[in-house]
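Structural features, examined
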Amino acid sequence: MKNIAIIGFGVVGSGVYETIKTNKEILKRNTGEELRVVKVLDIRDFPDHEEKQIFTKDFNDLLNDESIDIVVETMGGVRFAYDYTKQLLEKGKSVVTSNKELVAKHGEEFFKIAREHNVRYLYEASVGGAIPIIRPIACDVAANDIVEVSGILNGTTNYILTKMFLENDSYDNALKTAQELGYAEKDPTADVDGIDACRKISILMSLVTHRKIDSEKVHTVGIRNLTTEDLTYAAALDCKIKLIGCGFVENGKVSASVEPMLVPNNSPLSSVEDVFNAAIVKGNMAGTLMFYGRGAGMLPTASAVVGDVVDIVRNPGYNSAYEWGESAPENELAYEDIVAKFFVCIKEEQLEKAKKEFGDIEIINGVTGLGFVAPKMSIKELDEKLGAIGGAVSRLRFYR
Ligand code: HSE
């Protein structure tokens, strides 16, 4: 028998309870143990719950319960989750989390404590909901030099962009529906401004390089300022616009960024719609791999959380494959040094200057202005040229 506790009985926490209950026999077969949720910490009351006796508001009830080996932290946020996680690991309990903010901010600290106490800190559900991506990078693709990890890492914005692109829905209406469906975070700012995707690409690239990529320094642009004209340009270019978390390693330098990108329709990422996420991993031996599935939602996320629990029941001792250390800024590529192709929107009166700066450009006419594909160059060089023509109305990077 393995006793489990859950901290935070919201969407994901209750999904974890349901998964362990519904798949009791399968989990027993897969681990050789019966998994049982014996305590749930939440500040709210659940008087009608079938096991209301397992609920507590006192963290010490979990911390001091010697029978609990694994704690699932699905409360979100950093303040309490940080203290709880630290104390639990120090007490010799393994912790599984879906809390990307916490992993992105404090992962390296928790790995160190977990190592000292020979327990585990796992976070598969923090990126891509149900999609296996952390474990494949840590284990299955470990024989590779991983040169790229990028993809659609936020379900809410992908849902909104899909509704806008395919159904001509308005941004506001699509966001409201995403919230009603439980995809968006309580405060959708983190989704629509790219912060959620930023934490996820930071986690992935930290795992790839084993050095922390500080999410607060990652260049991040969300989807709030996209216009219907941008979508029209994208269609004319045979592309879709997707919010892409883009990570790569080139000449020993690591890059991570988040922004809406033009994804050509012949890229597998362009057909990833609705709340689905997809991550592309490129390894020097494996080639290109794509991981696809439901990136948000109660049971898909719970599936990843309980998968980590199963891993810990099978292998309870510390595993360095999942860790990273302090950041190494000297190994990071600045955003402006990325070399990329951009689509640039300008006003009609800027055209002659644009031709002088960018040479032979092919013009696409929009409703309020015009646009062109700038040749591949560093973002610094692009910005200098755009400065010389009086700035662009907008610019969109092509997915590499
Ligand atoms: N709000 C997140 C999303 C939830 O929409 O992807 C899953 O991390």
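What counts, and at which threshold
- Residues numbered from 1 in each chain as written.
- Predicted model: local features only at pLDDT ≥ 70, side-chain atom pairs only at ≥ 80, totals over all residues.
- Heavy atoms only, no water.
- Salt bridge = Lys/Arg side-chain N within 4 Å of Asp/Glu carboxyl O.
- Helix = DSSP H or I, 4+ residues; strand = E, 2+ residues; numbered from the N terminus.
- Buried < 20%, exposed > 50% of the residue type's maximum accessible area, 1.4 Å probe, protein only.
- Phe/Tyr/Trp six-rings, centres within 6.5 Å; stacked < 30°, edge-to-face > 60°.
- Lys NZ or Arg CZ within 6 Å of the ring centre and 35° of its normal.
- Domains from an automatic or database assignment.
- Buried area = accessible area lost by both parts, 1.4 Å probe.
- Polar contact = N/O pair within 3.5 Å; in protein donor to acceptor, adjacent residues only side chain to side chain.
- Arc of directions from axis to C-beta.
- Contact = heavy atoms within 4.5 Å.
- Axes fitted to C-alpha atoms, helices over the stretch in contact; angles between N-to-C directions.
- Parallel < 35°, antiparallel > 145°, perpendicular 65-115°, else oblique.
- Left-handed = near helix turned anticlockwise from the far one by under 90°.
- Nonpolar A, V, L, I, M, F, W, Y, C, P; charged D, E, K, R; others polar.
- Disulfide = S-S within 2.5 Å.

**Examining the pattern of salt bridges**
Counting across every chain of the model gives 28 salt bridges. D65 is paired through a salt bridge with K39; the nearest N and O atoms lie 2.8 Å apart. Here D65 is found in the loop between α3 (59-63) and β4 (68-73), whereas its partner K39 is found in strand β2 (residues 35-41), with 26 residues between them in sequence. As a salt-bridge pair, R224 and D193 come within 2.8 Å of each other at their nearest N and O atoms. With R224 in the loop between β8 (219-220) and α11 (228-236) and D193 in the loop between α9 (189-192) and α10 (195-209), this residue pair connects regions lying 31 residues apart in the sequence. Judged by relative accessible area, which is 22%, D193 ranks as partly exposed. Members of the salt-bridge network, linked through shared partners, are R120, E124, R135, D308 and D311.

**What about unusual backbone geometry?**
Residues other than glycine seldom take positive phi values, yet N118 does so here, at roughly 50 degrees. Look at N251: it is not a glycine, yet its phi comes out positive at around 50 degrees. Along the chain, N251 turns up in the loop between β9 (239-250) and β10 (253-264).

**Quick notes on the packing of aromatic side chains**
This model, assessed by the stated rule, comprises 15 aromatic pairs. Between F111 and Y123, the ring centres sit 5.8 Å apart and the planes meet at 55 degrees, which makes this aromatic pair tilted. Here Y123 lies in the loop between β6 (121-122) and α6 (134-140) and F111 lies in helix α5 (residues 100-116), a separation of 12 residues in the sequence. A residue is classified by how much of its surface remains accessible, and Y123, at 0% relative accessible area, is buried. Among the aromatic residues, those joined into a ring-pair cluster are Y82, F110, F111, Y121, Y123 and W324. In this structure, K341 packs its charged tip against the face of F398, placed 4.9 Å from the ring centre. The ring of F358 is capped by K385, whose NZ or CZ atom sits 6.0 Å from the centre of that ring.

**A few points about the domain arrangement of the protein chain**
Parsing the protein chain into structural domains produces domain 1 (2-129 + 299-322), domain 2 (134-294) and domain 3 (335-398). The C-alpha-based centres of domain 2 and domain 3 are spaced at 23 Å. Summed over both partners, the interface of domain 2 with domain 3 comes to about 1,400 Å²; 68% of that surface belongs to carbon and sulfur atoms. At the boundary of domain 2 and domain 3, one finds one salt bridge. A salt bridge links E259 to R397, with the shortest nitrogen-to-oxygen separation between them at 2.6 Å. Where domain 2 touches domain 3, the interface holds nine residue pairs in polar contact (both at pLDDT 80 or more). At the level of elements, α11, β9 and β10 are the ones that each hand at least two residues to the side of domain 2 that touches domain 3.

**Some details on helix α13 (residues 351-358)**
Regarding α13, the residues found buried are L351, A354 and F358. Viewed end-on, α13 has its buried residues packed into an arc of 55 degrees, placing them on one side of the element. Here the buried face of α13 lies against β13 (339-346), β14 (363-365), β15 (370-378) and α14 (379-388). A positive phi of about 80 degrees marks G359, the residue just after α13.

**Some details on α11**
For α11, the complete set of buried residues consists of E229, D230, L231, Y233 and A234. The positive-phi residue at the C-terminal boundary of α11 is D238, with phi of around 60 degrees.

**Notes on the packing of helix α1 (residues 11-22) against helix α12 (residues 298-314)**
A pair of packed helices is captured by two measures, namely the crossing angle of their axes and the spacing between those axes. Where α1 contacts α12, the axes come no closer than 8 Å and their chain directions differ by 65 degrees. As judged from the angle between their axes, α1 and α12 are roughly perpendicular. The crossing of α1 and α12 is right-handed. Residues V11, V12, S14, G15, V16, E18, T19 and I20 of α1 pack against M298, L299, T301, A302, V305 and V306 of α12. Residue classes in the contact of α1 with α12 are distributed as nine nonpolar, four polar and one charged.

**Describing the state of the cysteines**
A full pass over the atoms with the stated rule returns zero disulfides. The structure places no disulfide on C198, whose sulfur is separated from the nearest cysteine sulfur, that of C246, by 13 Å. With no disulfide of its own, C345 has C239 as its nearest cysteine by sulfur position, at a separation of 13 Å. Residue classification places C345 among the buried residues on the basis of a relative accessible area of 6%.

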